[in-house]
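Fold and contact review
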Amino acid sequence: MEDKKSMRIRTAYTVDLTTQITLDSNHQVVQVKGIDRKLMEHTNAVCLDALKYCVSIFLSEWDMLSKVPTTAKKGGTSRKREADRLIHTGRENIAKYPEFDRRFPYMPAYTRRAVIADALGMVSSYLSNHKNWEEEDPLIRGKEPTMGFPSRYELTFYEQERDMELL
């Protein structure tokens, strides 16, 4: 009997951005201009710093965060939302770790949410790998996993990735 499991292949690639196109509400081109490379480098550095900060907080709070569902249930909250509430003060919330808002005061919400999602993924992956390593026979398990950070961190700025479940 043939195995009917299918494998999903995902690919990723990078494209060097050289031009920024601004559209109006009717999706008509309003402005075309070159990308400010220094500004992009600064943005990448700030986002990497924010990622490292979030990872450190989420590692320390993982016992609480791991109990929160990854997606919001009716009347509930999601892990991303709870992580956001830990680091960002809003109208109905005072952050447990207000340093994030002081260090990154003008970070747009969609960028903060993208950094939170990446940090949660990194922490979850690291802790899962570490748990598997601990459960392995010490004679064959190899080197202990470490939390790895990228040397360069670039966000993808797609509108559909900016959304976050706020329920």
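Our subject is the structure that appears above.
This text gives an overview of the structure that appears in the document. None of these values were measured; they are calculated from a predicted model.

What follows concerns the nonpolar core. One finds Phe58, Ile87 and Phe100 to be the most contacted residues of the largest nonpolar core, which totals 26 residues. Sorting the residues of this core by element identifies helix H1 (37-60), helix H2 (62-65), helix H3 (79-87) and helix H5 (109-135) as the ones contributing at least two each. Ranked by the residues each element gives to this core, the list is headed by H1, at 9 residues. Each residue touching isoleucine 87, except ones within four places of it in the same chain, is listed here: Tyr53, Cys54, Ile57, Phe58, Ala95, Tyr97, Phe100, Asp101, Arg112 and Ile116.

Tallied over the entire structure, the rule returns 2 aromatic pairs. Arranged with centres 4.9 Å apart and planes meeting at 50°, the rings of phenylalanine 100 and phenylalanine 104 form a pair that is tilted. Comparing phenylalanine 100 with phenylalanine 104, the two get one shared label, buried. Through pairs of rings, three or more aromatic residues link up here, namely Tyr53, Phe100 and Phe104. The ring of phenylalanine 149 is capped by lysine 52, whose NZ or CZ atom sits 5.9 Å from the centre of that ring. In this arrangement the basic side chain of arginine 141 is found over the ring face of tryptophan 133, its NZ or CZ atom lying 3.9 Å from the centre.

Here H3 crosses H5 at 110°, and the two axes come no closer than 10 Å. What the angle tells us is that H3 and H5 run roughly perpendicular. When you trace H3 past H5, the crossing you get is right-handed. Within the contact between the two elements, H3 uses Arg79, Lys80, Ala83, Asp84 and Ile87 and H5 uses Arg112, Ile116, Ala117 and Leu120. Within the contact of H3 with H5, the residues separate by chemical class into 5 nonpolar, no polar and 4 charged.

With respect to the secondary-structure elements, arginine 112 resides in helix H5. Residue classification places arginine 112 among the buried positions, given a relative accessible area of 6%. Among the polar contacts listed, one links the side chain of arginine 112 to the side chain of aspartate 84, at a separation of 2.6 Å. With residues near it in sequence (within four places) discarded, arginine 112 still touches Asp84, Ile87, His88, Phe100 and Met107.

Definitions and cut-offs
Residues numbered from 1 in each chain as written. Predicted model: local features only at pLDDT ≥ 70, side-chain atom pairs only at ≥ 80, totals over all residues. Heavy atoms only, no water. Core = buried A, V, L, I, M, F, W, Y, C linked by side-chain atoms within 4.5 Å. Buried < 20%, exposed > 50% of the residue type's maximum accessible area, 1.4 Å probe, protein only. Helix = DSSP H or I, 4+ residues; strand = E, 2+ residues; numbered from the N terminus. Contact = heavy atoms within 4.5 Å. Phe/Tyr/Trp six-rings, centres within 6.5 Å; stacked < 30°, edge-to-face > 60°. Lys NZ or Arg CZ within 6 Å of the ring centre and 35° of its normal. Axes fitted to C-alpha atoms, helices over the stretch in contact; angles between N-to-C directions. Parallel < 35°, antiparallel > 145°, perpendicular 65-115°, else oblique. Left-handed = near helix turned anticlockwise from the far one by under 90°. Nonpolar A, V, L, I, M, F, W, Y, C, P; charged D, E, K, R; others polar. Polar contact = N/O pair within 3.5 Å; in protein donor to acceptor, adjacent residues only side chain to side chain.

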